[in-house]
Amino acid sequence: MDCNITPERFAMMIKAKSDQINAIDLTRPIVARIVRIKELNDDKQPMGIWLDTQKQPWKPCLGQRRLLGLAWGDDPSVWLGRLVRIYREPSVRFGKGPVGGIRVSGLSHIKETMRYNLAISKGATAEHVVEPLTLSFRDRVIDMVKSGECTQEQAIAALGGRKAGDVPEAEHAAILQRLQAVQQTVPDADVDAAGGEE
């Protein structure tokens, strides 16, 4: 007996050919960082969200776009760099039968569990639950740089030139406190540098 097909290659062989992430291809939930968001020329799927773990964009349905807006606000540029957990929900219907669809089950940058009534058919809704995703130490440092709480140079200095993954867990809290303290002093420095108040 002989087989030269690995599980990874087999997964590629059964993947749907498409220009987007398909529910049927999600064999397990994935957690990924949003790296690009683009308006698409498509009335039914007007938004493409690229995730760092996927080649094709996720094109969230109307209900999931509304959920993202409720959780993170109405400026999609703020969503960049944030984490989302998506999964295949087999009960999602299209037409008369269930075909499965992609749903959000977790988001970073939310403080508590969200409960959201999602339309499942005309006149019918079902509760949808989204859990907060805890950011790793690396993700928290990246988020601080992205949000302007500190500069990349300040983060590198606080990490002692190491990669975030190489920093012992015992040092995480102190480094994050140091970076937060840097942020609190930045506004005064910016005013002085701009020739403002003395």
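Remember, predicted model here, so these are calculated numbers, not experimental data. (Residues numbered from 1 in each chain as written. Predicted model: local features only at pLDDT ≥ 70, side-chain atom pairs only at ≥ 80, totals over all residues. Heavy atoms only, no water.)

Q: So what exactly am I meant to see when it comes to the overall build of the chain here?
A: Tallying secondary structure elements over the chain gives five helices and eight strands in all. Ordered by position from the N terminus, the helices and strands of the chain form the series α-β-β-α-β-β-β-β-β-β-α-α-α. What you see for the chain is a C-alpha radius of gyration of 21 Å, clearly larger than the 16 Å of a compact globule of 198 residues, by over 25%. Each of the three principal axes of the chain carries a C-alpha extent, and together these read 70 × 55 × 30 Å. Relative to its full complement of 198 residues, the chain shows a buried share of 33%. Put simply, of all contacts in the chain between residues at least 6 apart along the chain, 50% involve residues at least 24 apart. Counting only carbon and sulfur atoms, one obtains 52% of the accessible surface of the chain, whose full area is about 13,300 Å². For the chain, the separation between the mean place of its 27 positive charges and that of its 26 negative charges on side chains is 12 Å. (Helix = DSSP H or I, 4+ residues; strand = E, 2+ residues; numbered from the N terminus. Rg over C-alpha atoms; globule rule 2.2 N^0.38 Å. Buried < 20%, exposed > 50% of the residue type's maximum accessible area, 1.4 Å probe, protein only. Contact = heavy atoms within 4.5 Å. Areas by Shrake-Rupley, 256 points an atom, 1.4 Å probe, with all protein chains shown as cover. Lys, Arg positive; Asp, Glu negative; His and termini not counted. Charge placed at Lys NZ, Arg CZ, Asp CG, Glu CD.)

Q: What am I meant to see in the pairing of strand S3 (residues 83–89) here?
A: In summary, the side chains of a regular strand alternate between the two faces of the sheet. The pairing of strand S1 (residues 30–39) with S3 spans four bridges and is classified as antiparallel. Of the residues in S3, the one forming a bridge with Ala32 is Val84. Both S3 and strand S6 (residues 101–107) contribute to a ladder of six bridges, which runs antiparallel. Bridge assignment links Glu89 to a residue of S6, and that residue is Gly101. (Pairing = 2+ DSSP bridges.)

Q: Honestly, the side chain of Arg103 in this entry has me stumped. Any pointers?
A: On the secondary structure map, Arg103 appears in strand S6. There is no salt bridge for the buried Arg103, and the closest opposite charge comes from Glu89, which lies 6.6 Å off by N-O distance. In this view, Arg103 contacts Cys61, Gln64, Arg85, Ile86, Tyr87, Glu89, Val92, Leu118 and His128; residues no more than four positions away in its chain are not counted. (Salt bridge = Lys/Arg side-chain N within 4 Å of Asp/Glu carboxyl O.)

Q: For this particular structure, what's the right way to read helix H2 (residues 62–72)?
A: Quick reminder: α-helices carry 3.6 residues per turn. Residues three or four places apart thus point the same way. Within H2, burial applies to Gly63, Gln64, Arg65, Leu67, Leu68, Ala71 and Trp72. Gly73, located one to two residues past H2, shows a positive phi value of around 100°.

Q: I would appreciate a short explanation of the nonpolar core in the present structure.
A: Looking at soluble globular proteins, one finds that nonpolar side chains tend to be buried together. Among the nonpolar cores identified, the biggest contains 25 residues, and Leu51, Trp58, Ile86 and Leu107 are the most heavily contacted of them. When contributions to this core are tallied by element, the ones reaching two or more residues are S1, strand S2 (47–51), H2, S3, S6 and strand S7 (114–121). It is H2 that contributes the most residues to this core, four residues altogether. In contact with Trp58, other than residues within four places in its own chain, are Ile21, Met47, Gly48, Ile49, Leu51, Gln64, Leu68, Val84, Ile86, Ile102 and Val104. (Core = buried A, V, L, I, M, F, W, Y, C linked by side-chain atoms within 4.5 Å.)

Q: For this particular structure, what's the right way to read the packing of aromatic side chains?
A: By the definition in use, this model includes one aromatic pair. Residues Trp72 and Trp79 carry aromatic rings whose centres are separated by 6.0 Å and whose planes lie at 55° to one another, so their mutual orientation is tilted. Residue Trp72 is classed as buried on the basis of its relative accessible area, which comes to 7%. A relative accessible area of 3% means that Trp79 is categorised as buried. Above the face of the Trp50 ring, Arg36 is positioned so that its terminal group lies 4.3 Å from the ring centre. (Phe/Tyr/Trp six-rings, centres within 6.5 Å; stacked < 30°, edge-to-face > 60°. Lys NZ or Arg CZ within 6 Å of the ring centre and 35° of its normal.)

Q: What is the right way to read unusual backbone geometry from this model?
A: Working note: non-glycine residues mostly have negative phi, and peptide bonds are mostly trans. Unusually for a residue other than glycine, His109 sits at a positive phi of about 65°. Residue classification places His109 among the partly exposed residues on the basis of a relative accessible area of 29%.

Q: Hey, could you run me through the confidence of the model for the chain in this one?
A: In regions of low pLDDT, the predicted coordinates are not meant to be interpreted in detail. Within the chain, residue pLDDT values average 85, and 90% of them lie at 70 or more. Looking over the chain, one finds the lowest element-wise mean pLDDT in helix H5 (residues 169–193), namely 70, and the highest in S2, namely 96. Confidence drops under a pLDDT of 50 for residues 186–198, and excluding neighbours within four residues, the segment shows four contacts in the predicted structure. (pLDDT = per-residue confidence, 0-100.)

Q: When you look at the environment of Arg138 in this model, what are you seeing that I'm missing?
A: Within the secondary structure, Arg138 sits in helix H3 (residues 137–146). Classification of Arg138 as partly exposed rests on a relative accessible area of 48%. Setting aside its immediate chain neighbours within four residues, Arg138 contacts Arg33 and Ala164.

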